[in-house]
Amino acid sequence: MMKLKDLAEIKFCLATPDKKGESTKTVLSPSGLADKTILDLTDKSKYEFEDSKYKVDDDANIADNTIIIKRICPIGILYVEKTDNGIYASGNMILVKAKNVDSKYLACILNKEIPNIIKSMEGTRLPALTRRIIEDIEIPIVSIEKQHIIGKLWFDNYKLEELRSNLIAIEKSANENMIYKFITDNKEK
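As a starting point, this report considers the structure included with it. Residue numbers restart at each chain and count upward from 1, following the sequence in its written direction. Residue-level local features of this predicted model are given only where pLDDT is at least 70; pairs of side-chain atoms are given and counted only at 80 or more, and the full residue set underlies all totals for whole chains, interfaces and linings. Hydrogens are left out, water is left out, and the side-chain values use all remaining heavy atoms of the structure.

**Looking at the pattern of salt bridges**
We define a salt bridge as a contact between a side-chain nitrogen of Lys or Arg and a carboxyl oxygen of Asp or Glu at a distance within 4 Å. On inspection of all chains with the given rule, the structure shows eleven salt bridges. We note a salt bridge from Asp59 to Lys11, for which the minimum N-O separation is 3.3 Å. With Asp59 in the loop between strand S7 (54-55) and strand S8 (67-70) and Lys11 in strand S2 (residues 8-13), the pair connects residues that are 48 residues apart, well separated along the chain. Given the relative accessible area of 41%, Asp59 is considered partly exposed. Its salt-bridge partner being Arg131, residue Glu135 comes within 3.6 Å of it at the nearest N-O pair. Of the two residues, Glu135 and Arg131 are both situated in helix H2 (residues 131-135); the distance of four residues between them amounts to about one turn of the helix. Helix numbering and strand numbering both begin at the N terminus, where a helix is a DSSP run of H or I of at least 4 residues and a strand a DSSP run of E of at least 2. Here the term buried applies to any residue with accessible area under 20% of the maximum for its type, exposed to any over 50%, and partly exposed to those in between, with areas from a 1.4 Å probe on protein chains only.

In C-alpha cells, the structure reads:
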C-alpha cells in the first residue's frame, strides 16, 4: 500500500473573485456532472462551461487522464478521458494526476474509496474532503500490468454503462414519438 500523495500530483482548486475582470479562462462547471463518470471534454455540448469570474491558477488546467473529485459533498470521481487545452477546474474541485501509477487503475481505486470516506463522515452536515484525507488515501500496489488490466476493465465498464444509458434514452424517445404519432393519427379519425 502507498499513500495517494506518493503516487499522484494533487491540486486543491480554489477560486477567488476576479474583481478586475482580467480572467479569460474557460472553467468546467460542476453543474450537470453528477450522472457522469467518464468525461470527454472535447465535446463541449455535453457540459457546462463558464467564462471565469474567478481567478484560476494555471496549474488548475485539466489534462487528459485527470481525475476530478468534488471537495464538498463528493459522490465519486470523474475521469477525464480527453480534453482540449485551456479548460480549468473551478473552485472546490480536486485534481489528481497520476505520476507513478496507471491513471485508470487509480481512478478505479478512488471511485471505490471516496464513497467509503463519505460514509465514514455520516452525520456531518456538509461532508468535505480535506487535504490530509485525500493525501492519506491508501492505494494498493499491484504490478503495472495488473494496473493496466484493472484500469481498462473499470474504464470499459463505465463506457459500456454510458452506451447502454444512451441506448435507453434513444429507445425512450422513439417510443414516445410513436405514442404521440399514434395519438395524433387517431385524433384525426
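Back to the write-up after that little detour.
**Regarding the nonpolar core**
In this text, buried Ala, Val, Leu, Ile, Met, Phe, Trp, Tyr and Cys residues form a nonpolar core when linked through side-chain atoms within 4.5 Å. The biggest cluster of nonpolar side chains holds 30 residues, and the ones touching the most others in it are Leu4, Ile69, Leu110 and Ile134. Elements with a contribution of two residues or more to this core: S2, S8, strand S11 (93-98), helix H1 (103-120) and helix H3 (144-187). The dominant element in this core, judged by the number of residues it contributes, is H1, at nine residues. Val27, Leu33, Tyr47 and Ala60 belong to the second-largest nonpolar core, a separate cluster that totals 18 residues.

**Concerning the packing of aromatic side chains**
Side-chain rings of Phe, Tyr and Trp, where Trp is taken by its six-membered ring, are said to pair if the distance between their centres is within 6.5 Å; with planes under 30 degrees apart they count as stacked, over 60 as edge-to-face, and otherwise as tilted. Here the structure, examined in full by the defined rule, presents three aromatic pairs. A ring pair is formed by Tyr79 and Trp154, whose centres lie 6.0 Å apart and whose planes are at 85°; its orientation type is edge-to-face. Placement of the pair is Tyr79 in strand S9 (residues 78-82) and Trp154 in helix H3, with a sequence separation of 75 residues. For Tyr79, a relative accessible area of 0% gives the class buried. Counted as over-ring charges are cases with an Arg CZ or a Lys NZ within 6 Å of the ring centre that also lie within 35 degrees of the ring normal. The positively charged end of Lys104 is found above the aromatic ring belonging to Phe155, 4.2 Å away from the centroid.

**Things to note about a nonpolar patch on the surface**
Patch membership requires over 30% relative accessible area and the absence of a salt bridge. Like charges are linked within 9 Å, and nonpolar side chains (Val, Leu, Ile, Met, Phe, Trp, Tyr) within 5 Å. Accessible areas in this description were obtained via Shrake-Rupley with a 1.4 Å probe; residue shielding takes into account the shown protein chains only. Together, Ile179, Phe182 and Ile183 make up a nonpolar patch on the protein surface, roughly 320 Å² of accessible area in all. Looking at the element boundaries, Ile179 is found in helix H3.

**Let's talk about the environment of Ile141**
Counting through the fold element by element, Ile141 comes out in the loop between strand S12 (138-139) and H3. For Ile141 and Lys3, which are 138 residues apart along the polypeptide, the C-alpha to C-alpha distance reads 10.0 Å. Residues count as neighbours in contact if any of their non-hydrogen atoms are within 4.5 Å of one another. The residues contacting Ile141, other than those within four sequence positions of it, are Met1, Met2, Leu7 and Tyr105.

**So, the sheet that holds strand S5 (residues 38-40)**
Within a beta sheet, neighbouring strands are joined by backbone hydrogen bonds and run either parallel or antiparallel to one another. One requirement defines pairing of two strands: DSSP has to find at least two bridges between them. Read from one edge to the other, the open sheet built from five strands follows the order S2-S11-S8-S9-S5, with strand pairing classed as mixed. Looking along the sheet, the strands with just one partner apiece sit at the ends: S2 and S5. Each strand axis lies, on average, 25° off the axis of its neighbour in the sheet, ignoring direction. Here four bridges tie S8 to S11, and the two strands are oriented antiparallel to one another. For Ile69, the partnering residue across the bridge sits in S11 and is Ile94. Axis definition: a line fitted to C-alpha atoms, limited for helices to the stretch in contact. Angles are taken between N-to-C directions and run from 0 to 180 degrees.

**Regarding the side chain of Thr66**
Relative to the helices and strands, Thr66 resides in the loop between S7 and S8. For Thr66, a relative accessible area of 0% translates into the label buried. We define a polar contact as two N or O atoms separated by no more than 3.5 Å, with the added condition that, inside protein, one atom must be a possible hydrogen donor and the other a possible acceptor, whereas residues neighbouring each other in sequence contribute only through side-chain atom pairs. A polar contact is formed between the side chain of Thr66 and the backbone oxygen of Ala63, at a distance of 2.7 Å. With residues up to four places along the chain from it excluded, the contact list for Thr66 reads Leu78, Tyr79, Val80, Leu95, Val96 and Lys97.

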